[in-house]
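Geometric and topological summary
The lines below spell out each chain.
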Protein chains: 2
Amino acid sequence: METVSKARAHGGTQGVYKHDAQTTGCPMTFAVFVPPQAEKGPVPVLWYLSGLTCTHANVMDKGEYRKAAADHGVIVVAPDTSPRGPGIPDEEGNWQFGSGAGFYLDATEAPYAKNYKMWSYVTEELPALIAREFPADLSRQGIFGHSMGGHGALTIALTYPERFKSCSAFAPIAQPSTAGWSKPAFEKYLGSDPAAWRAHDATALIEDGKRFPEILVDQGTADSFLQDGLRPWLLEEACKKAGIALTLNMREGYDHSYFFISTFMADHIAWAAARLK
Amino acid sequence: METVSKARAHGGTQGVYKHDAQTTGCPMTFAVFVPPQAEKGPVPVLWYLSGLTCTHANVMDKGEYRKAAADHGVIVVAPDTSPRGPGIPDEEGNWQFGSGAGFYLDATEAPYAKNYKMWSYVTEELPALIAREFPADLSRQGIFGHSMGGHGALTIALTYPERFKSCSAFAPIAQPSTAGWSKPAFEKYLGSDPAAWRAHDATALIEDGKRFPEILVDQGTADSFLQDGLRPWLLEEACKKAGIALTLNMREGYDHSYFFISTFMADHIAWAAARLK
């Protein structure tokens, strides 16, 4: 693991790191904020998964998470959203597929199956690296994310409920296997059989019996992706039927940007911290 | 004035605006955050001046000022740092002069005198526009900034102490007329006579009798520009001799970046708000 940069912030350290990832077969960059409490021993880890087009840097620059993470004493890890770079298959100009659009799944179809292994990267390889290199207590993990990363946080928490003590999302893609901006990516990554898509669709996972005790979602009412792409009501309906305690906050006038995310970031970190204690 | 973008954030509105500026002879872009309190009437205005290489966007994206501005009910205005665009004289590749490096002064030397009028822009033209277009109470103004913008905030507050109720700075250039990274710009903008530089040098202004009642400065000890470029001890000495109440916080391990600025942003807004009440 190589340290790309390190800076003191809110009493802790914001770092950017790079490593040659086995799962994705390429160098991967990620950001880690270590709060001041880590000087005294391992602290809980909160995973933040970013949305389409993002790298590790978007939330690091615009997410306003460091004060709350320092107040509550949690590490925040922000991985990249896909493999990327020379030799990685991509569709130039398509922001909903390929680079920046890994959808937190393991692709099974050529030519993507070799590198697009974001599920394995985020749930196995990167946690092992974080455990080795940082003062992280991996018995206390939470996960959250935005949009495509909200989808990732939900599907990962529903799949590994024993691993995560908290799960929340900003404007998550509630049912990516049917939404116009994600279905084509599912087809290219996972093949044409919709049955294969259900393991990477939060509402389908819940319909298929997966459970997570409590979920927090914030969603802006002025989000231009709300009606066609995000559709939190599908998640709400699935949670209701399944008896999952979903807190869905519709936020009047907020859009899909980091101006929205940063506004409710401290709430989500407090939510996670309360469950990571 | 044209609205470039507008988004709800922390209960208020973060906007980006553009106008054809008379002083600089080119379109100028700036950012304004209007807090929720402005719905009930005019609120105080806090001017944030950015550092070398920045536009309005750096502090808007990375400054983490909106929560504190919303808590205290102040408008935050972030102007650009220079004229820029086609037809504006510049030295390509020189980040310490020209585009992104207006130094908040009115150039007197050709070919810069025509457009590099950032002093007039920031102290006259933009305040008049803000007064016309926003719910701003210009009888209550504060000013702060970072690095070159800290220099700007100090020189403007010292020149117009009756106009500003607060002044603070993150890692300001304390004596730009003698610092290696700013002296060449002063020569090109203001000519070779050092006497002309003193009106744009905070320590020289204080030596020449200008006063401001209280100044807050935060400075990181790991700032790579500290020794040669910033030198807050020169400001400290000048303030001491002049009886100006300077609060200089040396912050252990912090660098020159927005990781540093965002850490102490809420302190500076609280400092300003207490004096703008």
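Residues numbered from 1 in each chain as written. Chains lettered and ligands numbered in written order. Predicted model: local features only at pLDDT ≥ 70, side-chain atom pairs only at ≥ 80, totals over all residues. Heavy atoms only, no water.

Description of the relation of the copies chain B and chain A
In this structure, two copies of a chain are linked by a rotation about an axis accompanied by a shift along it. Superposition record for chain B on chain A: RMSD 0.0 Å, screw rotation 180 degrees, translation along axis 0.0 Å. In symmetry terms, the pair is related by a two-fold rotation axis. Considering only C-alpha atoms, the part of chain B nearest the rotation axis is Lys62(B), at 2.7 Å. Of the interface residues in chain B, 100% have counterparts in chain A that sit at the interface too, so the contact is made through matching surfaces. (Least-squares fit on C-alpha atoms with pLDDT ≥ 70 in both. Contact = heavy atoms within 4.5 Å.)

Focus: helix α9 (residues 258-276) of chain B
Residue and element names in this part refer to chain B. Taking the largest bend as the criterion, α9 deviates by roughly 45 degrees, centred on phenylalanine 264. A large share of α9 lies buried, amounting to 14 of its 19 residues. Regarding α9, its N-cap is serine 257, as a side-chain oxygen of that residue lies 3.1 Å from the backbone nitrogen of phenylalanine 259 further along. (Bend = angle between axes of the 7 residues up to and from the residue. Helix = DSSP H or I, 4+ residues; strand = E, 2+ residues; numbered from the N terminus. Buried < 20%, exposed > 50% of the residue type's maximum accessible area, 1.4 Å probe, protein only. Polar contact = N/O pair within 3.5 Å; in protein donor to acceptor, adjacent residues only side chain to side chain.)

Some words on the packing of aromatic side chains
Note on aromatic pairs: each is described by the distance of the centres and the angle between the planes. Residues and elements named next belong to chain A. One pass over the full model with this rule turns up 36 aromatic pairs over all chains. For the ring pair tyrosine 17 and phenylalanine 134, a centre distance of 5.0 Å and an interplane angle of 80 degrees mean the geometry is edge-to-face. One end of the pair, tyrosine 17, is in strand β2 (residues 12-21); the other, phenylalanine 134, is in the loop between α3 (118-133) and β6 (136-146), with 117 residues separating them in the sequence. When the ring of tryptophan 119 is compared with that of tyrosine 160, the centres are 6.0 Å apart and the planes differ by 35 degrees; the resulting orientation is tilted. (Phe/Tyr/Trp six-rings, centres within 6.5 Å; stacked < 30°, edge-to-face > 60°.)

Some words on the pairing of strand β7 (residues 164-170) of chain A
Residues and elements named next belong to chain A. Most of β7 sits out of view: 6 of its 7 residues are buried. Here β6 pairs with β7 via 6 bridges, running parallel. Across the sheet, residue glycine 145 finds its bridge partner in β7, namely alanine 169. Assessed by its sense of winding, the connection that carries the chain from β6 through helix α4 (residues 148-159) to β7 is right-handed. (Pairing = 2+ DSSP bridges. Right-handed = clockwise from strand over helix to strand, strands pointing away.)

Details of the side chain of Asp218(A)
For Asp218(A), the location among the structural elements is in strand β8 (residues 214-220). Apart from residues lying up to four places away in sequence, Asp218(A) is in contact with Ala169(A), Phe170(A), Ala171(A), Asn249(A), Arg251(A), Phe260(A), Phe264(A) and His268(A).

What about the sheet that holds strand β3 (residues 26-34) of chain A?
Residue and element names in this part refer to chain A. With mixed pairing, the 9 strands of this open sheet are ordered in space as β1-β2-β3-β5-β4-β6-β7-β8-β9. Two strands in the sheet have a free side with no partner beyond their single neighbour: β1 (2-9) and β9 (245-251). Averaged over all pairs of adjacent strands, the angle between strand axes in this sheet comes to 20 degrees, irrespective of strand direction. The pairing of β3 with strand β5 (residues 75-79) spans 4 bridges and is antiparallel. Paired with phenylalanine 30 across the bridge in β5 is proline 79. In this fold helix α8 (residues 232-242) packs onto β8 and β9, with an angle of close to 155 degrees to the strand it touches most, β9. (Axes fitted to C-alpha atoms, helices over the stretch in contact; angles between N-to-C directions.)

What to know about helix α4 (residues 148-159) of chain B
The α-helix winds at 3.6 residues per turn, so residues separated by three or four positions along the chain end up facing the same way. Residue and element names in this part refer to chain B. With 12 residues, α4 ought to run about 16 Å at 1.5 Å a step, and its terminal C-alpha atoms sit 16 Å apart, in line with that. Here α4 lies mainly inside the structure; 11 of its 12 residues are buried. Among the residues making up α4, those that are buried are Met148, Gly149, Gly150, His151, Gly152, Ala153, Leu154, Thr155, Ile156, Ala157 and Leu158. (Expected span 1.5 Å × (residues − 1).)

Some remarks on the pattern of salt bridges
Counted by the stated rule, this structure contains 22 salt bridges over all chains. Arg275(A) serves as the salt-bridge partner of Glu214(A), at 3.0 Å between the closest nitrogen and oxygen. Note that Glu214(A) is positioned in strand β8 and Arg275(A) in helix α9 (residues 258-276), a separation of 61 residues in sequence. What makes Arg275(A) partly exposed here is its relative accessible area of 24%. For Arg140(B), the salt bridge identified is with Asp137(B), shortest N-O distance 2.7 Å. Residue Arg140(B) is classed as partly exposed on the basis of its relative accessible area, which comes to 23%. A relative accessible area of 18% places Asp137(B) in the buried class. The network of salt bridges with shared partners includes Arg198(A), Glu207(A) and Asp208(A). (Salt bridge = Lys/Arg side-chain N within 4 Å of Asp/Glu carboxyl O.)

Looking at the UniProt feature "active site" (unreviewed entry) in chain A
Residue and element names in this part refer to chain A. Per the UniProt annotation, the sites labelled "active site" (unreviewed entry) are Ser147, Asp223 and His256. In summary, the annotated positions, though distributed over 110 residues, converge in three dimensions, the widest C-alpha pair being only 10.8 Å. Looking at the secondary structure, you find serine 147 in the loop between β6 and α4. If you trace the backbone, aspartate 223 turns up in the loop between β8 and α7 (226-230). Residue aspartate 223 is classed as buried on the basis of its relative accessible area, which comes to 4%. In this structure aspartate 223 touches Ala171, Leu230, Tyr254, Asp255 and His256, once residues within four positions along its chain are discounted. Side-chain polar atoms of aspartate 223 contact the side chain of glutamine 219, separated by 3.2 Å. (UniProt positions renumbered as here; feature names shortened; annotations may be inferred.)

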